[in-house]
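Tertiary structure, described
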Amino acid sequence: METITTDIAIVGAGGAGLRAAIALAETNPALRIALISKVYPMRSHTCAAEGGAAGVIKPDDSFDMHFDDTVGGGDWLSDQDCVEYFIHEAPKELLQLEHWGCPWNREADGSVSVRPFGGMKKKRTWFAADKSGFHILHTLFQTSLKFPSITRYDEYYALDLLVDDGRCQGLTAMEMRSGELRQFHAKSVIIAGGGAGRMFPFSTNGAIKTGDGMAMAYRAGAPLKDMEFVQYHPTGLPNTGSLLTEACRGEGGILVNKNGRRYLQDYGMGPETPVGKPQLKTMELGPRDRVSQAYWHELQKGNTVTTQWGECVLLDMRHLGEKMINERLPLVRELAEAYLGVDIVREAVPIRPVVHYMMGGISTNTAAATPLPGLFAAGECACVSLNGANRLGSNSLVELLVFGRRAALSAIEHLQDLPPANTVALNARAGETQARIDELFSRSDGTESMSGLRKEMMDTMEKNVGIYRTEAGLKEGVDKIHELRQRYRRVILTDKSSVFNTDLFQVLELGSMLDCAEAVTVGALARKESRGAHQRLDFVERDDTNYLRHTMVYHQGMDSPRIDYLDVVITKSPPGVRDYSGDHK
Amino acid sequence: MSNSPPRSHPPLAAPPEGAAASLGRPGGSSERTVTLEVLRYDPDTDSEARFQRYEVVCQEEWVVLDALNKVKADIDPTLNYRWSCHMAVCGSCGMMINGEPKLSCHAFLRNYEGVIRIEPLANFPIERDLVVAPDDFMDKLKRVKPYLIPKQEKPISEGEYKQTPAQLMKYRQYSMCINCMLCYAACPQYGLTPSFIGPAALTLAHRYNQDSRDGGRKERQEVAATHEGVWECTFVGACSEVCPAHVDPASALQQMKITSSIDWIVEHLIPGGKP
């Protein structure tokens, strides 16, 4: 097996991975940087983010307000030292992107524009029409081309971390074009591999969002934190699950049920505000968890609209007018027209909540370091505890930047005073990956189809770990995922080719998703309270006495995982009431 | 709709004209059996490419990618292609569909009759099945220096570079390229002359040249204004026709030719002129 020796390896070349790579190259041009991704950087799912990125920039805004919105939005499960660091770094990172050429929307005087977003008390979301993530990703990718010290390994599928002497010292990966395994020996490794929304059948996430980075760290002994918190975005297209950005509501779109009632007022987010005059942090600008939960209640009451794609509510933007829609929401118009045949200028569009984002992930501290020395993580794959129990829209694009950069700085610090690598031991570890792949290719007793297992996993997650959860449903989910993990050992690899074998990668991705699904289900069963995106019908209240703490899940091979807890860091905001009444309470 | 929004929204119990159709028929849409004829090639075992037929039961509203995904999951796990976002923004799933370069996530079955023939993107080497090697495109992208080379460096602490909405509009369209490479598959000139930098990369150079914050045009001209650059373009316009992001590379290349010509005139015909 060929060995590639580098200083720092990054797994994932989306927003967080690219930002980390650039920070490394800028800080020390002599560093050797290996940027490894299973897709070309432009394909990374950052490109699909639409609405924008939050950072305090306008004179009427303040860091304290961004802090309060984020902590309250996260239902007090955010680590407040992390939030404090984040809000101060956010505007700097967004300005940095501006200096790199990001085409942010502008005011007449040439300053950047900001738009309203859910759960935010002030307008502070920077945007590039409704293709903000796309522009951020391409700005970062194009900027990264300036730096000769960044060596890209595009379409390399990362397999296992190399851990020796109690620290992470590299990884194995497969070159997808040739099927050849490589080992990367690195002094620090940064995982920026994205989320795992594809565990669910109905998701805004692209096909690549299979939790490979999370699972790789988890299998190597790093804990996954708060995995039970899965965000449903309130407004997805009912057939494809494509995201219709929160900016639809930020710009003034309203949600109505089959009777034409703006039902959010019935779920603690009222009273009603005038149509077309959105008021911050209330009604349609409530937080995503609450807005998605309101849909569930409307469904129970029979207030939803029946469509050929299932039960929906309606997102009405007609009153915004064609000019504003074309200027600010062009992608939304295109998507609804192309995939649903609805012109949002003329019709209300049927939508329903859709799995969107994992608040949980690889446990990191505010320095983006995992408990495993030498391993760092940033972006959706990480849980730095910025987002708590519910992420506010437009905080995650900034999270990629702030903690991508922070991971790079920490990875550099880690390089100091390291003992030399024991290459014999690392080679032995890499041999274990080789054996795992060889076994898969030579397996003769396979009985399970990949797509069959994947469907059972998705159905289980949707049925048992949805917007509202119960003890019985979660127990069923835990048992079923455990069973699927056992059966996965007998999955059949049909395609034995060495060249771009997507059957193989789908089998490996399914393994990653099952590991992540295990952490989600056991975490959800153990958390006997309702907080943010984790809602239990049998424990309807938030329980700060017992659960103001993070769930930490540790991999135990084929056995059930071990669960531990970690206290939430509270610096200045004690748990309080989430108020989305528009100052009416 | 009137400009002053009503205080309370009109009830939608009876959906407005036009909405009724969009809400569809409860209980599911209609099915249709589609025949796909897909190019297969595995360099491990095949000396040449061949076509394989698949009969797939599809929903009428599906795109070609949905049909391929159904083949992959239920019929033939050995079929290979790239895809991710399913919303025409990641640029992964470009392929030739009945001879035309398309994003398969944006090619609607309702627009096709009879057998649908699917091949890898033209003008690129095949890795396997529908997967092509984009190395040449990636190399060309880098050569045009597609990043901001500021007129005047300033620190972050001094805030943003001011840019008016009008200045933004000068280049915004050209910043929309998703790097899907459909324009390279459509471009007859790229097919004939592989050294041609090509539509997407040149358009990206133009995007930065047109940015009010940028001062790097001269550096980019070293690649863009050569015989491999804009002057290779014969203005067929196929690039703009197939572009799924409405970038219009043909217009970018025309504008670049004009500015390059002006450079030449200034340099050669005006005494003491510097472009």
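Residues numbered from 1 in each chain as written. Chains lettered and ligands numbered in written order. Predicted model: local features only at pLDDT ≥ 70, side-chain atom pairs only at ≥ 80, totals over all residues. Heavy atoms only, no water.

**As for the overall build of chain A**
Going by this rule: The numbering of helices and of strands both runs from the N terminus, where a helix is a DSSP run of H or I of at least 4 residues and a strand a run of E of at least 2. To sort residues, take the accessible area from a 1.4 Å probe on protein chains only and compare it with the maximum for the residue type: under 20% means buried, over 50% means exposed, and anything in between is partly exposed. Contacts are assigned to residue pairs that have any heavy atoms within 4.5 Å of one another. Surface accessibility follows the Shrake-Rupley procedure with a 1.4 Å probe radius. Residue values consider only the protein chains on display as shielding. Here Asp and Glu are counted as negative and Lys and Arg as positive; His is not counted, and neither are the chain ends. For charged residues, the charge sits on one atom: NZ in Lys, CZ in Arg, CG in Asp, CD in Glu.
A tally of helices and strands in chain A yields 15 helices and 24 strands. For the C-alpha atoms alone, the extent of chain A along its principal axes is close to 70 × 55 × 50 Å. Buried residues in chain A amount to 70% of all 585 residues. Put simply, 74% of the contacts in chain A that link residues at least 6 apart link residues at least 24 apart. Surface accessibility of chain A: about 17100 Å² in total, with carbon and sulfur atoms responsible for 50%. A distance of 2 Å separates the average location of the 65 positive side-chain charges in chain A from that of its 75 negative side-chain charges.

**Digging into the interface of chain B and chain A**
When the parts of a complex come together, some accessible area is lost, and that lost area is often taken as the interface size. Heads up, the condition is: What counts as buried area is the accessible surface, traced by a 1.4 Å probe, that two parts surrender upon association, with contributions from both included. Think of a salt bridge as a Lys or Arg side-chain nitrogen and an Asp or Glu carboxyl oxygen that are within 4 Å of each other. Contacts described as polar in this section are N or O atom pairs within 3.5 Å, which, within protein, must combine one atom able to donate a hydrogen with one able to accept it, while residues neighboring in sequence count only if both atoms come from side chains.
Taken together, the contact pairs 83 residues of chain B with 86 residues of chain A. Interface of chain B and chain A: buried area, both sides summed, is about 6900 Å²; carbon and sulfur atoms make up 56% of it. Across the contact surface, chain B and chain A share five salt bridges. For glutamate 155 of chain A, the salt bridge identified is with arginine 82 of chain B, shortest N-O distance 2.7 Å. On inspection of chain B and its partner chain A, the count reaches 33 residue pairs in polar contact (both at pLDDT 80 or more). Elements that contribute at least two residues to the side of chain B that touches chain A include exactly α1 (19-23), α2 (64-75), β6 (126-128), α3 (135-143), α4 (165-171) and α7 (199-209) of chain B. It is α3 of chain B that provides the largest number of residues to the side of chain B that touches chain A, a total of four residues.

**Some remarks on the packing of aromatic side chains**
Rule in force here: Under the pairing criterion, centres of Phe, Tyr and Trp rings, with the six-membered ring standing for Trp, must be within 6.5 Å; the plane angle then separates stacked pairs below 30 degrees from edge-to-face pairs above 60, leaving the rest tilted. Two conditions define a charge sitting above a ring: the NZ of Lys or the CZ of Arg must be within 6 Å of the ring centre, and it must be within 35 degrees of the ring normal.
Counted according to the given criterion, the structure contains 14 aromatic pairs over all chains. Ring centres of tyrosine 153 of chain A and tyrosine 156 of chain A lie 5.3 Å apart, and the angle between their planes is 80 degrees; this geometry places the pair in the edge-to-face category. You can call tyrosine 153 of chain A buried: its relative accessible area is 14%. Here tyrosine 184 of chain B and tyrosine 190 of chain B contribute two aromatic rings whose centre-to-centre distance is 5.0 Å and whose plane-to-plane angle is 90 degrees, an arrangement assigned as edge-to-face. Judged on exposure class, the residue tyrosine 184 of chain B and its partner tyrosine 190 of chain B are both buried. Taken together, the ring pairs connect Phe124, Phe137, Tyr184 and Tyr190 of chain B into an aromatic cluster. Arginine 110 of chain B extends its terminal NZ or CZ atom over the ring of phenylalanine 108 of chain B, reaching a point 4.3 Å from the ring centre.

**Topic: the pairing of strand β5 (residues 116-119) of chain B**
Successive side chains on a regular strand alternate, one facing one side of the sheet and the next facing the other. Residue and element names in this part refer to chain B. Test applied: At least two bridges found by DSSP between two strands are what make those strands a pair.
Covered by surrounding structure in β5 are Ile116 and Ile118 only, the residues Arg117 and Glu119 on the alternate face being uncovered. Direction of pairing for strand β1 (residues 31-40) relative to β5: parallel, over a ladder of three bridges. Looking at the pairing, glutamate 37 lines up with arginine 117 of β5. Here strand β3 (residues 94-97) runs beside β5; their pairing, made up of two bridges, is antiparallel. Note on β5: the bridge partner recorded for isoleucine 97 is isoleucine 118.

**Digging into the sheet that holds strand β2 (residues 50-59) of chain B**
Residue and element names in this part refer to chain B. Heads up, the rule is: Interaxial angle, 0 to 180 degrees, is taken between N-to-C directions of lines fitted to C-alpha atoms, where a helix line uses only the stretch in contact.
The five strands are arranged β2-β1-β5-β3-β4 in an open sheet whose pairing can be described as mixed. If you trace the sheet from one side to the other, it starts and ends with β2 and β4 (100-103), each paired once. Pairwise comparison of adjacent strand axes, ignoring direction, gives a mean angle of 35 degrees for this sheet. Across the sheet, α2 is in contact with β1, β2, β3 and β5; its angle to β2 comes to roughly 100 degrees.

**Observations regarding the packing of helix α13 (residues 471-488) of chain A against helix α14 (residues 502-526) of chain A**
Packed helices, taken two at a time, are described by their axes: the angle between them and the distance between them. Residues and elements named next belong to chain A. Filter applied, for reference: In this scheme, roughly parallel covers angles under 35 degrees and roughly antiparallel covers those over 145, while 65 to 115 is roughly perpendicular and the rest are oblique. In this scheme, a crossing is called left-handed if the near helix is turned counterclockwise away from the far one by less than a right angle; it is called right-handed if the turn is clockwise. Under this grouping Gly is polar, as are all residues other than the nonpolar Ala, Val, Leu, Ile, Met, Phe, Trp, Tyr, Cys and Pro and the charged Asp, Glu, Lys and Arg.
Contact geometry of α13 with α14 gives a least axis separation of 9 Å together with a crossing angle of 150 degrees. In terms of axis orientation, α13 runs roughly antiparallel to α14. Both α13 and α14 take part in a crossing whose hand is left-handed. Seen from α13, the contacting residues are Glu471, Leu474, Lys475, Gly477, Val478, Ile481, Leu484, Arg485 and Tyr488; seen from α14, they are Val507, Leu508, Leu510, Gly511, Leu514, Asp515, Ala517, Glu518, Thr521, Val522, Ala524 and Leu525. Taken together, the residues of the contact of α13 with α14 break down into 13 nonpolar, three polar and five charged.

**As for the environment of valine 189 of chain A**
All names here are of chain A. With respect to the helices and strands, the residue valine 189 is situated in strand β11 (residues 188-191). Valine 189 sits 85 residues away from proline 274 along the chain, and the two C-alpha atoms are 51 Å apart. Dropping the residues within four chain positions of it, valine 189 is found in contact with Ala9, Val11, Leu161, Cys168, Gly170, Leu171, Gly374, Leu375 and Phe376.

**Looking at a nonpolar patch on the surface**
Residues and elements named next belong to chain B. For clarity, the cut-off: What goes into a patch is any residue over 30% in relative accessible area without a salt bridge, connected to like charges within 9 Å or, for nonpolar side chains (Val, Leu, Ile, Met, Phe, Trp, Tyr), within 5 Å.
Side chains of Trp264, Ile265, Leu269 and Ile270 sit close together on the surface and give an oily, nonpolar patch of about 410 Å² of accessible area. Within the secondary structure, tryptophan 264 sits in helix α10 (residues 249-269). We classify tryptophan 264 as partly exposed; its relative accessible area is 47%.

**Quick word on the domain arrangement of chain B**
Residues and elements named next belong to chain B. The following threshold applies: An automatic or database domain assignment is the source of the domain bounds shown.
Domain parsing of chain B yields domain 1 (31-132) and domain 2 (135-269). Between domain 1 and domain 2, the residue contacts involve 15 residues of the former and 14 residues of the latter. Buried area between domain 1 and domain 2, summed over both chains or domains, comes out near 1000 Å², and the portion from carbon and sulfur atoms is 71%. Looking at the side of domain 1 that touches domain 2 residue by residue, the classes come out as eleven nonpolar, three polar and one charged.

**Brief notes about the confidence of the model for chain B**
All names here are of chain B. Inclusion rule: For every residue, the predictor assigns a confidence score, pLDDT, that lies between 0 and 100.
On average, residues of chain B carry a pLDDT of 89, and 88% of them reach 70 or more. Ignoring residues within four places in sequence, the model shows residues 1-27, a span with pLDDT below 50, making 49 contacts including any to other chains. Confidence estimates for the predicted assembly give a pTM of 0.95 and an ipTM of 0.97.

**Structural notes on α10 of chain B**
In plain terms, the rule: Given the number of residues in a helix, its expected span is that number minus one, multiplied by 1.5 Å.
Here α10 of chain B contains 21 residues, and its C-alpha end-to-end distance of 30 Å stays within 8% of the 30 Å for a straight helix at 1.5 Å per residue. Packing partners of the buried residues in α10 of chain B comprise α7, α8 (217-224) and α9 (238-242) of chain B.

**Structural notes on the nonpolar core**
What counts, and what does not: Note on terminology: a nonpolar core comprises buried Ala, Val, Leu, Ile, Met, Phe, Trp, Tyr and Cys residues joined through side-chain atoms within 4.5 Å.
Residues Met317 and Val349 of chain A together with Leu36 and Leu68 of chain B are the most contacted members of the largest nonpolar core, which totals 187 residues. A total of ten residues in this core trace back to one element, the largest contributor, which is helix α10 (residues 396-414) of chain A. Apart from residues no more than four positions distant in its own chain, leucine 68 of chain B is found in contact with Leu36, Val38, Leu79, Tyr81, Met95, Ile118 and Leu130 of chain B. Counting 77 residues, the second largest nonpolar core, distinct from the first, contains Cys168, Met461, Val520 and Ala524 of chain A.

**Let's talk about the state of the cysteines**
Each disulfide is one covalent bond, formed between the sulfur atoms of two cysteines. Note the following rule: The rule for a disulfide is simple: a pair of cysteine sulfur atoms within 2.5 Å.
Taken as a whole, this structure holds zero disulfides over all chains when the rule is applied. The thiol of cysteine 58 of chain B is unpaired, and the distance to the nearest cysteine sulfur, on cysteine 93 of chain B, comes to 15 Å.

**A word on the side chain of arginine 262 of chain A**
Residues and elements named next belong to chain A. Structurally, arginine 262 is set in the loop between β14 (254-256) and α7 (288-301). Only 2.7 Å separates the side chain of arginine 262 from the side chain of glutamate 284, close enough to count as a polar contact. In this view, arginine 262 contacts Ile254, Leu255, Val256, Glu272, Thr273, Pro274, Val275, Met283 and Glu284; residues no more than four positions away in its chain are not counted.

**Some remarks on the domain arrangement of chain A**
Residue and element names in this part refer to chain A. When its domains are assigned, chain A resolves into domain 1 (234-351) and domain 2 (423-561). Each side of the interface is counted separately: domain 1 has five residues, and domain 2 has six residues. Between domain 1 and domain 2, roughly 490 Å² of surface is buried when both sides are summed, and carbon and sulfur atoms account for 68% of that area. Among the residues of domain 1 in contact with domain 2, Asp289, Gln293 and Trp296 are the three that bury the most area, contributing 81% of the side total. At the junction of domain 1 with domain 2, the criterion picks out zero salt bridges. The tally of links from domain 1 across to domain 2 stands at two residue pairs in polar contact (both at pLDDT 80 or more). Considered class by class, the residues forming the side of domain 1 that touches domain 2 number one nonpolar, three polar and one charged.

**A look at the sheet that holds strand β1 (residues 2-5) of chain A**
All names here are of chain A. Ordered in space as β1-β10-β9-β8, the four strands form an open sheet in which the pairing is mixed. Across the chains shown, the open sheet's two edge strands, defined by having one partner strand only, are β1 and β8 (156-164). When the angles between neighbouring strand axes are averaged without regard to direction, this sheet yields 25 degrees. Of the strand pairs in this sheet, β8 and strand β9 (residues 167-175) are connected by seven bridges, and their pairing is antiparallel.

**What about unusual backbone geometry?**
Residue glycine 270 of chain A is joined to proline 271 of chain A through a cis peptide bond whose omega torsion reads 5 degrees. Counting through the fold element by element, proline 271 of chain A comes out in the loop between β14 and α7. Of note, the phi angle at methionine 181 of chain B is positive, near 75 degrees, even though the residue is not glycine. Its place among the elements puts methionine 181 of chain B in the loop between α4 and α5 (182-186).

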